[in-house]
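# Structural overview
Here are the chains, one letter per residue:
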Amino acid sequence: MRKLSKKGKIYAAAATVTLVAASGGAAYAYWTTTGSGSGGAANSTGGGTVTLHATFAAGLAPGNSTSVAYTADNASNTDTVVGALSATVSTSDPTHCLASWFTVTASTSNSPVAHNSSGTSVGSGTLTFLNDAANQDACKSATVTVNVGSL
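Sequence order sets the numbering: in each chain, residues are counted from 1 along the sequence as written. Residues qualify for local features only when their pLDDT is at least 70, as the model is predicted, and side-chain atom pairs are given and counted only at 80 or more; totals for whole chains, interfaces and linings, by contrast, use all residues. Calculated side-chain values reflect all of the structure's heavy atoms, with hydrogen atoms and water omitted.

Glancing now at the overall build of the chain. We count a stretch as a helix when DSSP gives it H or I for four or more residues in a row; a strand needs E for two or more, and each element gets its number in order from the N terminus. The helix and strand inventory of the chain stands at 1 helix and 8 strands. Taken across its 151 residues, the chain has 23% of its residues classed as buried. Within the chain, contacts between residues at least 6 apart in sequence are counted, and of these 71% link residues at least 24 apart. Note on areas: Shrake-Rupley with a 1.4 Å probe; residue coverage comes only from the protein chains shown. As displayed, the chain has an accessible area near 10500 Å², and 55% of this comes from carbon and sulfur atoms. Working definition: with a 1.4 Å probe on protein chains only, accessible area under 20% of the residue-type maximum means buried, over 50% means exposed, and in between means partly exposed. Pairs of residues are marked as contacts when any of their non-hydrogen atoms sit within 4.5 Å.

Any two cysteine sulfur atoms within 2.5 Å of one another count as a disulfide. Under the definition given, this model contains 1 disulfide. Between the sulfur atoms of C97 and its disulfide partner C139 the distance amounts to 2.0 Å. Residues C97 and C139 are joined by a disulfide whose S-S torsion is about 105°; by sign, that bridge is right-handed. Here C97 is found in the loop between β4 (85-91) and β5 (102-104), whereas its partner C139 is found in the loop between β7 (117-129) and β8 (144-150), with 42 residues between them in sequence.

The residue N110 is not glycine, and still its phi comes out positive at about 45°. Take N110: it is sitting in the loop between β5 and β6 (111-113). Within the chain, N116 stands out as a residue other than glycine whose phi angle is a positive 50°. Within the element layout of this structure, N116 appears in the loop between β6 and β7.

All right, on to the environment of T78 then. Relative to the helices and strands, T78 resides in the loop between β2 (65-74) and β3 (80-82). Along the chain, T78 and A114 lie 36 residues apart, while their C-alpha atoms are 7.2 Å from each other.

So, about the side chain of T91. Along the chain, T91 falls in strand β4. Residue class for T91 comes out buried when judged on its relative accessible area of 12%. In protein, a polar contact requires one atom able to donate a hydrogen and another able to accept it; more generally it is a pair of N or O atoms within 3.5 Å, and residues adjacent in sequence count only if both atoms are side-chain atoms. A polar contact is formed between the side chain of T91 and the backbone oxygen of C97, at a distance of 2.6 Å. For T91, the residues in contact, after removing those within four places along its chain, are C97, L98, A99, F102 and T143.

Relative to β2, strand β1 (residues 51-56) runs antiparallel, the two sharing 6 bridges. Residue A54 lies in a different strand from β2, and its bridge partner there is Y70. Relative to β7, β2 runs antiparallel, the two sharing 9 bridges. Counted as the bridge partner of A69 is S124 from β7. Strands qualify as paired when DSSP identifies two bridges or more between them.

That is the geometry; function is a separate question.
Laid out in structure tokens, this is it:
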């Protein structure tokens, strides 16, 4: 075997480094695997509670009717729908100005109410002051209230 000169040793070392670098740059390794997973979060509990209002003209007299407008306020961060309404009448003098002398209707049809909104129309109806045979003077200047709820 022949001895390498100092210059030959440098060339041989450089060639080895180059060969290692070139082959090492092309090599790679990896692991293969399988897996699965999932994520979840609870949905909203719903549209929350709306505040319903009934509005009608003052001055109702026996035998007359007036239109009632129903509106809703939705202070929640979720849109909702008002399905069906129920309405009843009360008076400021329930002993003498009888609620039974009044009828009220309420109709709606799945009215959408946007989140953070107020005054959204959700239905309409009619308030009627029945003309009874009894003296209805106790209802003069009495306050009639339409109480509205959703079914």
